[in-house]
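As a plain string of letters, each chain reads:
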Amino acid sequence: MNRDGRSSAAASAKDAAGRATDKAQDAAAGAERHRAADWVTGAGQIANGIVHFAIGAIALGVAFGGSGSADQSGAMQAIKESPPGAIALWAVGLALIALALLAFVAAVAASRRGWKDALKEAGRGVAYAVVGATALVVATGGTSDGESQTESFSAQLMSNRFGALLVGLIGAGIAAIGVYFVVKGAKRKFREDVAPPARWRRLVDVLGTAGYIAKGVAIVIVGALFVIAAVRHDPEEAGGLDGALQSLTTVPGGVIALIAIAVGLMLYGVYCFARGLWSR
């Protein structure tokens, strides 16, 4: 094949890829507008609210000397031990997995606007999928220990030459996500996601502001633990959400901060209920 032939073939392949991408984006946008998407969003956000409310309640108990794992795995265990039991846990898990799939569809549709929007939606999908998978693991009788998994992951990374640097960068990335949540709450950018009736708007603003800031602060602490682990080259310093919240009980004034974060996480859970009812 001569040079002109190769150029023509490359151009044809590029055009075909472009048409396929356009079709995928159109299909994804259509799926987003389908009535079923509203049902998935509503059920998924309510499930998300249940999980966050449970995490906040466990964290509040820890602040007053109680026990429990204040993270997703602890929340799932608490749901399983509640009166609805495994049925509720299955419902939560399946609803979050469905919400994750919808987020991935939204990422495809958002890719037409730009890669940043697509990555944001994909990141939400991954987060929902992880929590949903944790629920299904516990529902089927399995166990999930976020703290030990985090420490194992950090240890594996640190066994490599530049592992400590990677752990530190991961920590910085996690902290950045936490800052994003704080800013979103403080500036009330969550209003883009929820459209409550006028009489409920002020209450939803309070729930969203307190909830996003509390969740953001908790995530920043998780990121800080990763950075500390990297600096000390000690994977046991790294921890998930439970480790971050538990660490507050060891510092002056930490219990008060833990109570504030716990209440904030519970309020975030209630905000998710409102988002499920009045998603924009």
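Above this text is the structure in question.
None of the values given here were measured: they were computed from a predicted structure. (Residues numbered from 1 in each chain as written. Predicted model: local features only at pLDDT ≥ 70, side-chain atom pairs only at ≥ 80, totals over all residues. Heavy atoms only, no water.)

### Description of the side chain of Asp205
So, step 1. Relative to the helices and strands, Asp205 resides in helix 8 (residues 198-232).
So, step 2. In contact with Asp205, other than residues within four places in its own chain, are Arg188, Phe190 and Arg191. (Helix = DSSP H or I, 4+ residues; strand = E, 2+ residues; numbered from the N terminus. Contact = heavy atoms within 4.5 Å.)

### Some points on a nonpolar patch on the surface
So, step 1. A grouping of Leu101, Phe104, Val126 and Val130 is seen on the molecular surface, where their side chains present a nonpolar patch of about 350 Å² in accessible area.
So, step 2. Elements with a contribution of two residues or more to the nonpolar patch: helix 4 (86-110) and helix 5 (115-139).
So, step 3. Position of Val130 among the secondary structure elements: in helix 5. (Patch = residues over 30% accessible without salt bridge, like charges linked within 9 Å, V, L, I, M, F, W, Y side chains within 5 Å. Areas by Shrake-Rupley, 256 points an atom, 1.4 Å probe, with all protein chains shown as cover. Salt bridge = Lys/Arg side-chain N within 4 Å of Asp/Glu carboxyl O.)

### Details of unusual backbone geometry
So, step 1. Phi angles above zero are rare outside glycine, and Arg188 is one such case at about 55 degrees.
So, step 2. Positionally, Arg188 belongs in the loop between helix 7 (163-186) and helix 8.

### Let's talk about the packing of aromatic side chains
So, step 1. Per the stated rule, a full pass over the model turns up eight aromatic pairs.
So, step 2. Ring geometry for Tyr212 against Tyr271: centres 5.6 Å apart, planes inclined by 70 degrees, an arrangement best described as edge-to-face. In this pair, Tyr212 sits in helix 8 while Tyr271 sits in helix 10 (residues 254-277), placing the two residues 59 residues apart along the sequence.
So, step 3. Looking at Tyr271, the relative accessible area reads 0%, which means it is buried. (Phe/Tyr/Trp six-rings, centres within 6.5 Å; stacked < 30°, edge-to-face > 60°. Buried < 20%, exposed > 50% of the residue type's maximum accessible area, 1.4 Å probe, protein only.)

### Quick notes on the packing of helix 2 (residues 35-63) against helix 3 (residues 72-80)
So, step 1. At a minimum axis separation of 8 Å, helix 2 and helix 3 run at an interaxial angle of 100 degrees. Classified by the angle their axes make, helix 2 and helix 3 are roughly perpendicular. Facing helix 2, whose interface residues are Ile50, Val51, Ala54, Ile55 and Ile58, helix 3 presents Gln72, Gly74, Ala75, Met76, Ala78 and Ile79.
So, step 2. The residue inventory of the contact of helix 2 with helix 3, partitioned by class, reads nine nonpolar, two polar and no charged. (Axes fitted to C-alpha atoms, helices over the stretch in contact; angles between N-to-C directions. Parallel < 35°, antiparallel > 145°, perpendicular 65-115°, else oblique. Nonpolar A, V, L, I, M, F, W, Y, C, P; charged D, E, K, R; others polar.)

### Quick look at helix 7
So, step 1. Taking 1.5 Å as the rise per residue, helix 7 with 24 residues should run 34 Å; its terminal C-alpha atoms sit 35 Å apart, in good agreement.
So, step 2. Every buried residue of helix 7 is accounted for by Gly163, Ala164, Val167, Gly168, Gly171, Ala175, Gly178, Phe181, Lys184 and Gly185.
So, step 3. Note on helix 7: the residue one or two positions beyond its end, Arg188, has a positive phi of about 55 degrees. (Expected span 1.5 Å × (residues − 1).)

### With respect to the layout of surface pockets
So, step 1. The space that makes up the largest pocket amounts to roughly 1400 Å³.
So, step 2. Contributing to the lining of the largest pocket are 42 residues, with Gln72, Ala127, Val131, Lys215 and Ile219 lying nearest its centre.
So, step 3. Broken down by secondary-structure element, the contributors of at least two residues to the lining of the largest pocket are helix 2, helix 3, helix 5, helix 6 (146-158), helix 7, helix 8, helix 9 (241-247) and helix 10.
So, step 4. It is helix 5 that contributes the most residues to the lining of the largest pocket, ten residues altogether.
So, step 5. Grouping the constituent residues of the lining of the largest pocket by class yields 21 nonpolar, 13 polar and eight charged.
So, step 6. Volume-wise, the second largest pocket comes out at about 670 Å³. (1 Å grid on protein atoms, 1.4 Å probe; cavity = no way out; pocket = protein on both sides within 12 Å on 5 of 7 lines; lining within 4 Å. Points joined across faces, edges and corners; volume = space filled by probe spheres on them.)

### Side note on the packing of helix 7 against helix 8
How two helices sit against one another is set out by the angle between their axes and by the gap between those axes.
So, step 1. Where helix 7 contacts helix 8, the axes come no closer than 7 Å and their chain directions differ by 165 degrees. Put simply, helix 7 runs roughly antiparallel to helix 8. Between helix 7 and helix 8 the crossing geometry is left-handed.
So, step 2. Classifying every residue of the contact of helix 7 with helix 8 by side-chain character gives 20 nonpolar, eight polar and two charged. (Left-handed = near helix turned anticlockwise from the far one by under 90°.)

### Comments concerning helix 2
So, step 1. End to end, helix 2 covers 42 Å across 29 residues, agreeing with the expected 42 Å (1.5 Å per residue, within 8%).
So, step 2. Among the residues trailing helix 2, Gly65 stands out with phi positive, at a value near 95 degrees.

### Section: the nonpolar core
So, step 1. Core analysis: the biggest nonpolar cluster contains 42 residues, and Val51, Met76, Leu96 and Leu245 have the highest contact counts within it.
So, step 2. Among the elements that take part in this core, helix 2 stands out by supplying eight residues, more than any other.
So, step 3. Aside from chain neighbours lying at most four places away, what touches Val51 is Ala75, Met76, Ile79, Val92, Leu96 and Val131.
So, step 4. Core analysis: the next-biggest nonpolar cluster, separate from the first, contains eleven residues, Leu207, Ile219, Tyr268 and Cys272 among them. (Core = buried A, V, L, I, M, F, W, Y, C linked by side-chain atoms within 4.5 Å.)

### Let's talk about the pattern of salt bridges
Opposite charge on two side chains allows them to pair when their charged atoms are near.
So, step 1. Taken as a whole, this structure holds five salt bridges when the rule is applied.
So, step 2. Here Asp193 and Lys184 are joined by a salt bridge, their closest N and O atoms 2.9 Å apart.
So, step 3. Relative accessible area serves as the criterion here: at 12%, Asp193 is assigned to the buried category.
So, step 4. Through salt bridges with shared partners, a single ionic network connects Arg188, Arg191 and Asp205.

### What to know about the side chain of Asp242
So, step 1. As for its position among the elements, Asp242 is in helix 9.
So, step 2. Buried and unpaired, Asp242 has Lys215 as its nearest opposite-charge partner, separated by 16 Å.
So, step 3. Here the side chain of Asp242 touches Ala70 through a polar contact of 2.8 Å, landing on its backbone nitrogen. (Lys, Arg positive; Asp, Glu negative; His and termini not counted. Polar contact = N/O pair within 3.5 Å; in protein donor to acceptor, adjacent residues only side chain to side chain.)

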